[in-house]
Amino acid sequence: MTKPLSSDLRERLVAAVEDGMSCREAAEQYGVAPSSAVKIVGGWRKTGSLEPRPQGGDRRSGRIEAFAAEIIGWIRVEVDLTIAEIAARLIERYGERFSPSAVWRLLGRHDETYKKKFVRQRAGAPRHRRGTSPMVGTAGKS
């Protein structure tokens, strides 16, 4: 992600537009993209500020965070509750639609692991057991 334009350049852009230049002309004069000039001048007209808007970060997790305590309560009571079932329950009870990945990220932010360890430990790949390879001891025999 690129850095925001300097406040000095922002001031010169706005001053040029205020003196009668179009945003495109000012952008060409100062070597910036016309879309950047339009956004800077539009933001200045709307808010009166030349400060750049915040970059990056999560802007939407607040919606699901409102349900965090309840979701964590659900998985503590019902250990085998799946991510998809949690998402479906949120739709059913609150009419709020969240993707399974949003639920997964919420659980990750709250350090809730979601692995069914007992089931995974039972299963093992047969090819990794000792002495089961059909090729053992066959070299050099005719």
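From a predicted model like this one, the values you see are computed outputs, not experimental measurements. (Residues numbered from 1 in each chain as written. Predicted model: local features only at pLDDT ≥ 70, side-chain atom pairs only at ≥ 80, totals over all residues. Heavy atoms only, no water.)

**Here we look at helix α7 (residues 100–109)**
Item 1. Every buried residue of α7 is listed here: Ala102, Val103, Leu106 and Leu107. The arc enclosing the buried residues of α7, seen along the axis, measures out at 140°, which places them on a common side.
Item 2. Those residues of α7 that are buried are in contact with α4 (61–65), α5 (68–77) and α6 (83–94).
Item 3. The positive-phi residue at the C-terminal boundary of α7 is Asp111, with phi of around 55°. (Buried < 20%, exposed > 50% of the residue type's maximum accessible area, 1.4 Å probe, protein only. Helix = DSSP H or I, 4+ residues; strand = E, 2+ residues; numbered from the N terminus. Arc of directions from axis to C-beta. Contact = heavy atoms within 4.5 Å.)

**What to know about the pattern of salt bridges**
Side chains that differ in charge, positive against negative, can pair when their charged atoms come close.
Item 1. All chains considered together, the criterion is met by six salt bridges.
Item 2. Here Arg12 and Asp8 are joined by a salt bridge, their closest N and O atoms 3.1 Å apart. Here Asp8 and Arg12 lie together in helix α1 (residues 7–18), a separation of four residues that amounts to about one turn.
Item 3. By relative accessible area, Arg12 is classed as partly exposed at 35%.
Item 4. Of the residues examined, Asp8 reaches a relative accessible area of 43% and is grouped as partly exposed.
Item 5. Here Arg93 ties to Glu70 by a salt bridge, and the two come within 3.7 Å at their closest N and O atoms. (Salt bridge = Lys/Arg side-chain N within 4 Å of Asp/Glu carboxyl O.)

**Structural notes on the packing of α1 against helix α2 (residues 23–30)**
Item 1. Following both chains from N to C, one finds α1 and α2 inclined at 140°, their axes separated by 9 Å at the closest point. Classified by the interaxial angle, the pair formed by α1 and α2 is oblique. Relative to α2, the crossing made by α1 is right-handed. Side by side, α1 and α2 meet where Leu9, Arg12, Leu13, Ala16 and Val17 of the first sit next to Cys23, Ala26, Ala27 and Tyr30 of the second. (Axes fitted to C-alpha atoms, helices over the stretch in contact; angles between N-to-C directions. Parallel < 35°, antiparallel > 145°, perpendicular 65-115°, else oblique. Left-handed = near helix turned anticlockwise from the far one by under 90°.)

**Remarks on the side chain of Arg89**
Item 1. Positionally, Arg89 belongs in helix α6.
Item 2. If sequence neighbours within four positions are ignored, Arg89 has contacts with Trp74, Glu78, Leu81 and Tyr94.

**Considerations on the packing of aromatic side chains**
Item 1. Scanning the model with the defined rule gives two aromatic pairs in all.
Item 2. Here Phe67 and Tyr94 contribute two aromatic rings whose centre-to-centre distance is 4.9 Å and whose plane-to-plane angle is 40°, an arrangement assigned as tilted. Of this pair, Phe67 sits in the loop between α4 and α5 while Tyr94 sits in helix α6, and the two are 27 residues apart along the sequence.
Item 3. For Phe67, a relative accessible area of 14% puts it in the buried group.
Item 4. You can call Tyr94 partly exposed: its relative accessible area is 36%.
Item 5. Between the aromatic rings of Phe67 and Phe98, the centroid separation amounts to 6.0 Å while the plane-to-plane angle is 70°, which identifies the pairing as edge-to-face. A residue pair is termed long-range when its members are at least 10 positions apart, and Phe67 in the loop between α4 and α5 and Phe98 in the loop between α6 and α7 qualify at 31 residues. Summarising the burial analysis for this pair, Phe67 and Phe98 share the class buried.
Item 6. A network of ring pairs unites the aromatic residues Phe67, Tyr94 and Phe98 as a single cluster.
Item 7. The ring of Trp74 carries Arg89 above its face, with NZ or CZ at 5.1 Å from the centroid. (Phe/Tyr/Trp six-rings, centres within 6.5 Å; stacked < 30°, edge-to-face > 60°. Lys NZ or Arg CZ within 6 Å of the ring centre and 35° of its normal.)

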